[in-house]
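This is what each chain is made of:
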Amino acid sequence: MRSISIFGATGSIGESTYDLILRAGGAEAFRTVALTGGRNVARLAEMARTLRADVAVCADEQSLPALRDALAGSGVAVAAGDSAIAEAADRPADWVMSAIVGAAGLVPGLRALRHGRTLALANKESLVTAGPLLMAEAARYGARILPVDSEHSAIFQAMAGEDIAAVERIILTASGGALRDWPMEKLARATVAEALAHPNWAMGQRITIDSASMFNKALEVIETREYFDVRPDQIEVIIHPESLIHSMVGFRDGAIMAHMGAPDMRHSIGYALNWPQRQDLPVARLDLAKIASMTFRAPDLARYPALRLCRDVMQTRGLAGAAFNAAKERALDHFLAGAIGFMDMGHVVEDTLARLLSDMRLETDAMTLEDILGTDHLARRRADESVQALAKGKSGV
Ligand code: NDP
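Remember, predicted model here, so these are calculated numbers, not experimental data. (Residues numbered from 1 in each chain as written. Predicted model: local features only at pLDDT ≥ 70, side-chain atom pairs only at ≥ 80, totals over all residues. Heavy atoms only, no water.)

Can you lay out the pattern of salt bridges for me, pointing to particular residues and giving the numbers?
Under the counting rule described, the total for this entry stands at 32 salt bridges. In this structure, Arg180 and Asp181 form a salt bridge, with 3.6 Å as the shortest nitrogen-oxygen distance. For Arg180, a relative accessible area of 16% translates into the label buried. Overlapping salt bridges, with partners in common, bring together Lys124, Asp149, Glu151, Lys217 and Glu220 in one network. (Salt bridge = Lys/Arg side-chain N within 4 Å of Asp/Glu carboxyl O. Buried < 20%, exposed > 50% of the residue type's maximum accessible area, 1.4 Å probe, protein only.)

If you had to explain the site of the ligand to someone new, which residues and values would you point to?
For the ligand, the set of nearby residues contains 25 residues, the closest of which are Thr10, Ser12, Gly38, Glu125 and Asp149. Contact between the ligand and Gly8: an oxygen atom at 3.3 Å from a main-chain N or O atom of the residue. Between an oxygen atom of the ligand and a main-chain N or O atom of Gly38, the distance comes to 2.8 Å. Bound to the protein, the ligand loses 83% of the 910 Å² it would expose on its own. For the shell around the ligand, the secondary structure elements donating two or more residues are α1 (12-23) and α6 (124-140). Classifying every residue of the shell around the ligand gives 12 nonpolar, nine polar and four charged. (Near = heavy atom within 4 Å. Polar contact = N/O pair within 3.5 Å; in protein donor to acceptor, adjacent residues only side chain to side chain. Areas by Shrake-Rupley, 256 points an atom, 1.4 Å probe, with all protein chains shown as cover. Helix = DSSP H or I, 4+ residues; strand = E, 2+ residues; numbered from the N terminus. Nonpolar A, V, L, I, M, F, W, Y, C, P; charged D, E, K, R; others polar.)

An account of the environment of Ala337 is needed here, citing residue identities and associated values.
Among the secondary structure elements, Ala337 is positioned in the loop between α15 (320-336) and α16 (344-359). Along the primary structure Ala337 and Val192 are separated by 145 residues, whereas in three dimensions their C-alpha atoms are 9.1 Å apart.

Can you tell me about the side chain of Gln157, naming the residues and giving the values?
Among the secondary structure elements, Gln157 is positioned in helix α7 (residues 150-159). A relative accessible area of 13% places Gln157 in the buried class. Aside from chain neighbours lying at most four places away, what touches Gln157 is His259, Tyr271 and Arg278. (Contact = heavy atoms within 4.5 Å.)

With reference to specific residues and values, describe the nonpolar core.
Within the largest apolar cluster, 128 residues are counted, with the highest numbers of intra-cluster contacts made by Leu35, Met97, Leu179, Phe324, Phe342 and Met345. Of the residues forming this core, the biggest block, nine residues, is contributed by α15. Excluding anything up to four places from it in sequence, Met97 contacts Ser5, Ile6, Phe7, Ile13, Thr17, Ala120, Ala122, Val148 and Ile269. (Core = buried A, V, L, I, M, F, W, Y, C linked by side-chain atoms within 4.5 Å.)

An account of the packing of helix α11 (residues 215-228) against helix α14 (residues 305-316) is needed here, citing residue identities and associated values.
Here α11 crosses α14 at 25°, and the two axes come no closer than 8 Å. Accordingly, the angle class assigned to the pair α11 and α14 is roughly parallel. Here α11 runs over α14; the crossing is right-handed. Residues Phe215, Lys217, Ala218, Val221, Ile222 and Arg225 of α11 form the contact with α14, whose participating residues are Ala306, Leu307, Cys310, Arg311, Val313 and Met314. Looking at the contact of α11 with α14 residue by residue, the class counts come to nine nonpolar, no polar and three charged. (Axes fitted to C-alpha atoms, helices over the stretch in contact; angles between N-to-C directions. Parallel < 35°, antiparallel > 145°, perpendicular 65-115°, else oblique. Left-handed = near helix turned anticlockwise from the far one by under 90°.)

Below, the structure is given as structure tokens:
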């Protein structure tokens, strides 16, 4: 029986993974080693009971008593805190889903790779912050990383059996998010609720807002560079509002292989779960005659500074990805808290990168986990300073 763990089980990707595991037979078909969550311990406990997990771990230490109560008599062990989540990744599982949101997903994913596991990677922040380290460790320990982001799963599938040297370009599709048709002058006043109204995909709160600002696409451009080891100038972004083509690969003979399907993350999660086979998946089938047409348009870089900034990050490489991601995470925290406006997120990230460059050298070939975590920490502090400076500038103090 195959053994699995799900990190970030209570989130959007975690729930979809759980759904597929249940449909495939649940505890009768898989041995569940570890399930982790953040604060939603009621749901975590429910999942752990159903799948008869060995251990359930919540990141929030204060929630441990509630998790313990919810799992009393179940035989499921409980633990809490970041180190307990990292330790859960040391437990032997054949297939590990990495679906914690943000840089918090890096350490458990890295630990799983160091045990040679197959890591289904939804947590794109891991590759953005630590791509070279992650890929090197996977190779060193004979581990496999299977992409779960729909774009990267599409590219992975389009490249199956192809020679990477024959790849000319990778075209990432972007829905454009909730605000894609708003006039530029209105964007600065967009609220959290407005940025959350995604037209096509049902996702977690943070990625939905990153989708509207295209910071999500910027992370994916870097993720593409790290995962497929192509040059930055080979990676293009195109807005495709219908989200039916999940991404494309262009080859040297001019052929373009596109991956199409309904916008449902169970496609790419299921592909990673069943790889290298394909199994039936409970996703809607496309009716092409009904769809009739698909549209594409080039993104406007003035509207989406993230798409410009990610090019600088790839140019610098080294620790720039960790700095970029951390600055983006803090800018998003401040937007969610109502402290800054929608378009201010781009300013804060750009300003943070400039501030950091005066503190340290971000270019490096040899980076350790400590370097990455240190850069992440410093970038968060500099981002907070940038937000304070922005507030002072606006109030004229
Ligand atoms: P959600 O916000 O829905 O879920 C995040 C999960 O991480 C939850 O289980 C949450 O716990 C847990 N969590 C939150 N903070 C921490 C922390 N500090 N330490 C440990 N666990 C934590 O996110 P999504 O499922 O949308 O996204 C997960 C990852 O997948 C992200 O990296 C995202 O970019 C990527 N992704 C998501 C897609 C989607 O469709 N949703 C598509 C492609 C990629 P709790 O809820 O219990 O607090």
